[in-house]
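Structural characterization, general
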Amino acid sequence: MNQIVTIICTVGAFLLLLFIGYFRMKGNVKEWLLWAVTQAEQFLGSGTGALKLRYVYDLAVEAFPPIKYLVPFSVFSLWVDEALELMKEQIQNNPNIRKLVEGE
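Here we summarise the structure given alongside this text. Owing to the predicted nature of the structure, the values given are computational and were not obtained by experimental measurement.

1. What to know about the overall build of the chain
Counting secondary structure elements, the chain contains five helices and zero strands. Of the contacts formed within the chain by residues at least 6 apart in sequence, a portion of 55% connects residues at least 24 apart. In the structure as shown, the chain presents an accessible area of about 7,300 Å², 63% of it carried by carbon and sulfur atoms.

This is the structure in structure tokens:
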């Protein structure tokens, strides 16, 4: 009986650590994504949505290897969409960022 309790507690602790790690990583990744989508926009230009998404995903897996195991691609794609919206707002409101992205 004690072994079963130990196993259950160990699995529960492991799942809790995964849960905490996921949400902690989520915040870091979302902040980092703003930089990554800006780089993708600068490198690939507008009108290349699927290529930009793939480019940003490859950068993210390189920077945060656990992401490929913890975050479904569909969720990651939503995060990228949010970062793109924030980037568009910043481009609109800041001429220096606009120059950076447009390569002027």
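From this point, things continue past the structure.
2. Topic: the packing of helix H2 (residues 49-63) against helix H4 (residues 73-93)
If you want to describe how two helices pack, look at the angle between their axes and the distance between the axes. It is the contact of H2 with H4, at a shortest axis distance of 11 Å, that shows an interaxial angle of 105°. Viewed along their axes, H2 and H4 adopt a mutual orientation that is roughly perpendicular. Only Phe73, Phe76, Ser77 and Val80 of H4 make contact with H2, whose side of the interface consists of Leu53, Arg54, Val56, Tyr57 and Ala60. The residue inventory of the contact of H2 with H4, partitioned by class, reads seven nonpolar, one polar and one charged.

3. Thoughts on the nonpolar core
In this structure, Leu33, Val56, Ile67, Phe76 and Val80 are the most contacted members of the largest nonpolar core, which totals 24 residues. Counting residues per element, the ones that place at least two in this core are helix H1 (2-44), H2 and H4. If near-sequence neighbours (up to four positions away) are discounted, Val80 is found in contact with Leu33, Val37, Leu53 and Val56.

Calculation criteria
- Residues numbered from 1 in each chain as written.
- Predicted model: local features only at pLDDT ≥ 70, side-chain atom pairs only at ≥ 80, totals over all residues.
- Heavy atoms only, no water.
- Helix = DSSP H or I, 4+ residues; strand = E, 2+ residues; numbered from the N terminus.
- Contact = heavy atoms within 4.5 Å.
- Areas by Shrake-Rupley, 256 points an atom, 1.4 Å probe, with all protein chains shown as cover.
- Axes fitted to C-alpha atoms, helices over the stretch in contact; angles between N-to-C directions.
- Parallel < 35°, antiparallel > 145°, perpendicular 65-115°, else oblique.
- Nonpolar A, V, L, I, M, F, W, Y, C, P; charged D, E, K, R; others polar.
- Core = buried A, V, L, I, M, F, W, Y, C linked by side-chain atoms within 4.5 Å.
- Buried < 20%, exposed > 50% of the residue type's maximum accessible area, 1.4 Å probe, protein only.

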